[in-house]
Amino acid sequence: MAGPPDTQPQPFSFMSTLDLTLLTSRRARDLAELLEHLRIVSGSVVYYHTHHFLVQHQYLSPEPPNDFAYWVTNVLQEDRLGEQLAAIDLIQFRTIRSLRERIIEVIEAYLNERQQLRVAPEGEEFHFRESVSFVVPTMHVARTLAEFADCMERIGFGSLTFHFFNVRLRLERGGDDFSEWCRSLGEHELADAIARLDPYTYTMDGLRKEVVRLVHRRLREKQR
Amino acid sequence: MSLLDGFEEFVGRGTLDELRLLGARLKDRKIVTVNSTAVGGGVAEILNRLIPLSRELGVDIRWDVIKGGEDFFAVTKRIHNALHGKAETFTAHDGEVFRETTRRNVAEMDLDADVLFIHDPQPVGLIEARKAGRGRWVWRCHIDVAAPQQDVWQFLDGYVSRYDASVFSAPSFSRDLSLPQVMITPSIDPLSDKNRELSEGEIAAVFDRLKIPRDKPIVTQVSRFDRLKDPVGVVVAFRLAKKYNDCRLVLAGGGATDDPEGSEVLRAVHEAADGDPDIHVIELPPTANLEINAIQRGSTVILQKSLKEGFGLTVSEALWKAKPVIAGAVGGIPLQVTHRYSGILTHTIEGTAFWIKQLLNAPDFARRLGENGREHVRTNFLLARHLREYLLLFLFLEHRDERVIRLDAMAPDRASL
């Protein structure tokens, strides 16, 4: 079956994100303090602590959990809560607000069953940090699916971060950019396949390879 | 080949393209950076690397050094100690010496620029030269000021609070300030003698020269002979592990010749080692970068069992050599080691001994920690990242209230693509 033409007037311009970290002066020694700060910090703080592992530990598989889960497990040694926080399914959330609410809900439910709070050893408090994302253009532009696959193999991890994670949660566009563009080409099946990926369960390189594999599969189908 | 191109094999072409793009955004800005010395010390070392790279990117950056007499630097040395929490006397006369030297420097220096990037306490007073509406001022603090002597901090805060932004190396080093605080961690240079690749021949030559046999696994700590690095604790942990695993310990470092306390610590280490032929205590001069590199590369497990630490960049040096690292969870070390992912964090001598045994007996796990550690350093602790964050910092000064900053000339929402 012939697919839609693979050339469209609207090219895909790959962007990239570069992050700078701000310190907030907020720190928590126990779960009550963590919760208190979590309620009032900016969305950029929540984004930082749920996403910086993606960039800083892009080579690890499986990914380490978010910072909250890591601190609760490794510093407070509250393993059950740590597991619950690590299990929060980030891909389900369309806004940082709803993600924050879920994290708060999980901690509150745990605290309701606990009387005594463990305190972090001195020097291992949770320091709240904030992400400043700079969005920059890259030299990579794709006009066709074949060019798109080629660019995907060459772009940096900052581009994957921007088009998969930033646009969904920080810019609240609902989905990733790649599947949106494929849809605009009339490539609905490919778009659905990319949109179905859970990018949080891949390393950055694994994620790149999976998108490339899906696009190549589609290109082979079109050649038949 | 350009200086920047030398980094391509470590960070990739894409990272260099990003740097060039940021450099282009800063082309029409004039930047002046000021510290207190052109040679010696970590700040001068890093500026000596970063300034030529920035210029290669087309950034107009000038590096100036303040001038001061012995009395001024005696005062700033006491300020430095007091910021670290050591009790020091700070008199009204000290304050006047500081202000007078600051006034002279303000009068003599050309501080007319778009960005004034001032390092550490010595030149902090240059903010007096600030003109209304001209230039953004950043104070880059390289030291831990979390628990300073209050009167000294209050004196400095009179200057610091007038800056547009501050920069600290780790969250635990900072203070509650009313100005934005940016976190920029230090970095290592993969091309320096301390970190460059070495051939097996070069490594073997250093071990031969230092008379360290390589017949069994080698556990190493490289650091000054300083109580806060707990070298005696390292010897005790090694002995606990050695009951079950035959291995050698190398304790290599300096600080014993020019520091009376260092000599005392070295004596305590020799006493604890008690003539054990498997414990090698090596005194190295500050210039022994190649030796340190070889010792780290020839080791099986590397320790940094600090009780208190600055940033602890020796951890990144060891991780860059893909070595499994066991380190104290203090200072900047937890930023470099994620427990059980890219290394091991410990709190006690017993815990250190436990993990030495674990890593010697589980070489696959140890290798994975080392590989993860090297990748972590590649992404987060190499000079290219450091440079990128300084460039981002200069751009951030123009967008201090924004958290998503678009540097593309295109329309803010390109969602239709």
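Fair warning: this is a prediction, and the values are worked out from it, not measured in the lab.

1. Thoughts on the domain arrangement of chain A
Residues and elements named next belong to chain A.
Consideration 1: Segmenting chain A into domains produces domain 1 (12–16 + 138–223) and domain 2 (19–130).
Consideration 2: Of the roughly 1,600 Å² buried at the junction of domain 1 and domain 2 (both faces included), carbon and sulfur atoms supply 59%.
Consideration 3: Taken together, domain 1 and domain 2 are joined by 0 salt bridges.
Consideration 4: Scanning the region where domain 1 abuts domain 2 turns up 6 residue pairs in polar contact (both at pLDDT 80 or more).
Consideration 5: When residues in the side of domain 1 that touches domain 2 are grouped by element, the largest group, 7 residues, is from helix α7 (residues 157–170).
Consideration 6: A breakdown of the residues in the side of domain 1 that touches domain 2 according to their chemical character gives 8 nonpolar, 4 polar and 4 charged.

2. Remarks on the packing of aromatic side chains
Consideration 1: Inspection of the entire model under this criterion finds 30 aromatic pairs over all chains.
Consideration 2: Ring centres of F14 of chain A and F178 of chain A lie 6.0 Å apart, and the angle between their planes is 45 degrees; this geometry places the pair in the tilted category. Of this pair, F14 of chain A sits in strand β1 (residues 12–28) while F178 of chain A sits in helix α8 (residues 177–184), and the two are 164 residues apart along the sequence. Pair check on accessibility: F14 of chain A and F178 of chain A agree, each one buried.
Consideration 3: Consider the rings of F148 of chain A and F178 of chain A, whose centres lie 5.6 Å apart with planes at 70 degrees: the pair is edge-to-face. Of the two residues, F148 of chain A sits in helix α6 (residues 145–154) while F178 of chain A sits in helix α8, which places them 30 residues apart along the sequence.
Consideration 4: Joined through ring pairs, the aromatic side chains of F12, F14, F148, F164, F165, F178, W181 and Y200 of chain A make up one cluster.
Consideration 5: A cation sits over an aromatic face here: R170 of chain A above Y47 of chain A, 4.7 Å from the ring centre.
Consideration 6: Above the face of the W320 of chain B ring, R374 of chain B is positioned so that its terminal group lies 3.8 Å from the ring centre.

3. A word on the side chain of D94 of chain B
Consideration 1: Counting through the fold element by element, D94 of chain B comes out in helix α5 (residues 92–108).
Consideration 2: What makes D94 of chain B buried here is its relative accessible area of 6%.

4. Notes on unusual backbone geometry
Consideration 1: The backbone of E172 of chain A sits at a positive phi, close to 50 degrees, despite the residue not being glycine.
Consideration 2: One can find E172 of chain A in the loop between α7 and α8.
Consideration 3: Backbone geometry places D274 of chain B, a non-glycine residue, at a positive phi of 55 degrees.
Consideration 4: Locating D274 of chain B in the fold gives a position in the loop between α9 (260–273) and β9 (279–283).

5. Brief notes about a positive patch on the surface
Consideration 1: On the surface, a cluster of positive charge is made up of R196, R217, R220 and R224 of chain A.
Consideration 2: Take R196 of chain A: it is sitting in helix α9 (residues 188–196).

6. Here we look at the domain arrangement of chain B
Residue and element names in this part refer to chain B.
Consideration 1: Each domain of chain B was delimited in the assignment, giving domain 1 (4–187 + 383–396) and domain 2 (200–380).
Consideration 2: One C-alpha centre belongs to domain 1, the other to domain 2, and the line joining them spans 32 Å.
Consideration 3: Facing 14 residues of domain 1, the contacting portion of domain 2 comprises 12 residues.
Consideration 4: When domain 1 packs against domain 2, close to 840 Å² is buried across both sides, 64% of that on carbon and sulfur atoms.
Consideration 5: Looking only at domain 1, the three residues that lose the most surface to domain 2 are F10, F173 and P186, adding up to 44% of its buried area.
Consideration 6: Where domain 1 packs against domain 2, one counts 0 salt bridges.
Consideration 7: In this assembly, domain 1 and domain 2 are joined by 2 residue pairs in polar contact (both at pLDDT 80 or more).

Thresholds applied
- Residues numbered from 1 in each chain as written.
- Chains lettered and ligands numbered in written order.
- Predicted model: local features only at pLDDT ≥ 70, side-chain atom pairs only at ≥ 80, totals over all residues.
- Heavy atoms only, no water.
- Domains from an automatic or database assignment.
- Buried area = accessible area lost by both parts, 1.4 Å probe.
- Salt bridge = Lys/Arg side-chain N within 4 Å of Asp/Glu carboxyl O.
- Polar contact = N/O pair within 3.5 Å; in protein donor to acceptor, adjacent residues only side chain to side chain.
- Helix = DSSP H or I, 4+ residues; strand = E, 2+ residues; numbered from the N terminus.
- Nonpolar A, V, L, I, M, F, W, Y, C, P; charged D, E, K, R; others polar.
- Phe/Tyr/Trp six-rings, centres within 6.5 Å; stacked < 30°, edge-to-face > 60°.
- Buried < 20%, exposed > 50% of the residue type's maximum accessible area, 1.4 Å probe, protein only.
- Lys NZ or Arg CZ within 6 Å of the ring centre and 35° of its normal.
- Patch = residues over 30% accessible without salt bridge, like charges linked within 9 Å, V, L, I, M, F, W, Y side chains within 5 Å.
- Areas by Shrake-Rupley, 256 points an atom, 1.4 Å probe, with all protein chains shown as cover.
- Lys, Arg positive; Asp, Glu negative; His and termini not counted.
- Charge placed at Lys NZ, Arg CZ, Asp CG, Glu CD.
- Contact = heavy atoms within 4.5 Å.

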